[in-house]
Amino acid sequence: MAPIEGLVLKSSGSFMKVRLCSGKVLHIPKVKKLAFGDKAWICFNYTDMSVREVLTDYEYHELDKDTEVELGPEFDPETGIVEGIALNGSVFLSD
């Protein structure tokens, strides 16, 4: 599920008003210190039609940095050998 981009229109009391990029306006509980004009990313749960989480712009972009791509074993084109994994003296080659 991808967060939906929004812009804070009003942040006072225990609620804030966020306009989504689609044009819809949400009244959600104030869970972060966001002010007028701040970008917010809304994680919406479509099953029970509720806001699951609100991310600041900084938190949203930090999530992108944390994802690491796990690389498979390396293939040596000169020898045609797939790099294996050594476990207790045994080598297991991947497909």
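Residues numbered from 1 in each chain as written. Predicted model: local features only at pLDDT ≥ 70, side-chain atom pairs only at ≥ 80, totals over all residues. Heavy atoms only, no water.

Enquirer: Quick rundown of the overall build of the chain? Include the residues and the values.
Expert: For the chain, the count of helices and strands is one helix and nine strands. When its helices and strands are written in sequence order, the chain yields β-β-β-β-β-α-β-β-β-β. Counting all 95 residues of the chain, 18% fall into the buried class. Taking contacts inside the chain between residues at least 6 apart in sequence as the whole, the part at least 24 apart equals 28%. As displayed, the chain offers around 7500 Å² of accessible surface, 55% of which is attributable to carbon and sulfur atoms. (Helix = DSSP H or I, 4+ residues; strand = E, 2+ residues; numbered from the N terminus. Buried < 20%, exposed > 50% of the residue type's maximum accessible area, 1.4 Å probe, protein only. Contact = heavy atoms within 4.5 Å. Areas by Shrake-Rupley, 256 points an atom, 1.4 Å probe, with all protein chains shown as cover.)

Enquirer: Report on the pattern of salt bridges, specifying residues and quantitative values.
Expert: Following the criterion strictly, the structure yields two salt bridges and no others. Two residues, Lys39 and Glu5, come together in a salt bridge whose shortest N-O distance is 3.3 Å. Here Glu5 lies in strand β1 (residues 4-12) and Lys39 lies in strand β4 (residues 39-45), a separation of 34 residues in the sequence. Residue class for Lys39 comes out partly exposed when judged on its relative accessible area of 33%. Across the pair Glu59 and Lys32 runs a salt bridge, and its minimum N-O distance is 2.9 Å. Taken together, the residues Glu59 in helix α1 (residues 57-66) and Lys32 in the loop between β3 (25-29) and β4 connect sequence positions 27 residues apart. Judged by its relative accessible area of 28%, Glu59 is partly exposed. (Salt bridge = Lys/Arg side-chain N within 4 Å of Asp/Glu carboxyl O.)

Enquirer: Report on the confidence of the model for the chain, specifying residues and quantitative values.
Expert: Residues shown with low pLDDT carry predicted positions that ought not to be read at fine detail. The share of residues in the chain with pLDDT of 70 or more is 65%, and the mean pLDDT across the chain is 77. Highest mean pLDDT in the chain belongs to strand β2 (residues 15-20) (92); lowest belongs to strand β8 (residues 85-87) (49). (pLDDT = per-residue confidence, 0-100.)

Enquirer: Summarise the nonpolar core; cite the residues concerned and give the values.
Expert: Core analysis: the biggest nonpolar cluster contains 10 residues, these being Val8, Met16, Val18, Leu20, Leu26, Ile28, Leu34, Ala40, Ile42 and Val54. Going through the elements one at a time, β2, β3 and β4 are the ones with two or more residues in this core. Looking at which element gives the most residues to this core, the answer is β2, with three residues. (Core = buried A, V, L, I, M, F, W, Y, C linked by side-chain atoms within 4.5 Å.)

Enquirer: I'd like to hear about the sheet that holds β3, residue by residue, with values.
Expert: Here we have five strands laid out as an open sheet, ordered β3-β2-β1-β4-β5, and antiparallel in their pairing. What marks the edges here is a single partner per strand, and that holds for β3 and β5 (50-56). Strand-to-strand twist in this sheet, taken as the mean axis angle between neighbours without regard to direction, amounts to 40°. In terms of strand pairing, β4 meets β5 through six bridges, oriented antiparallel. The residue bridging Ile42 from the neighbouring strand is Val54, located in β5. (Pairing = 2+ DSSP bridges. Axes fitted to C-alpha atoms, helices over the stretch in contact; angles between N-to-C directions.)

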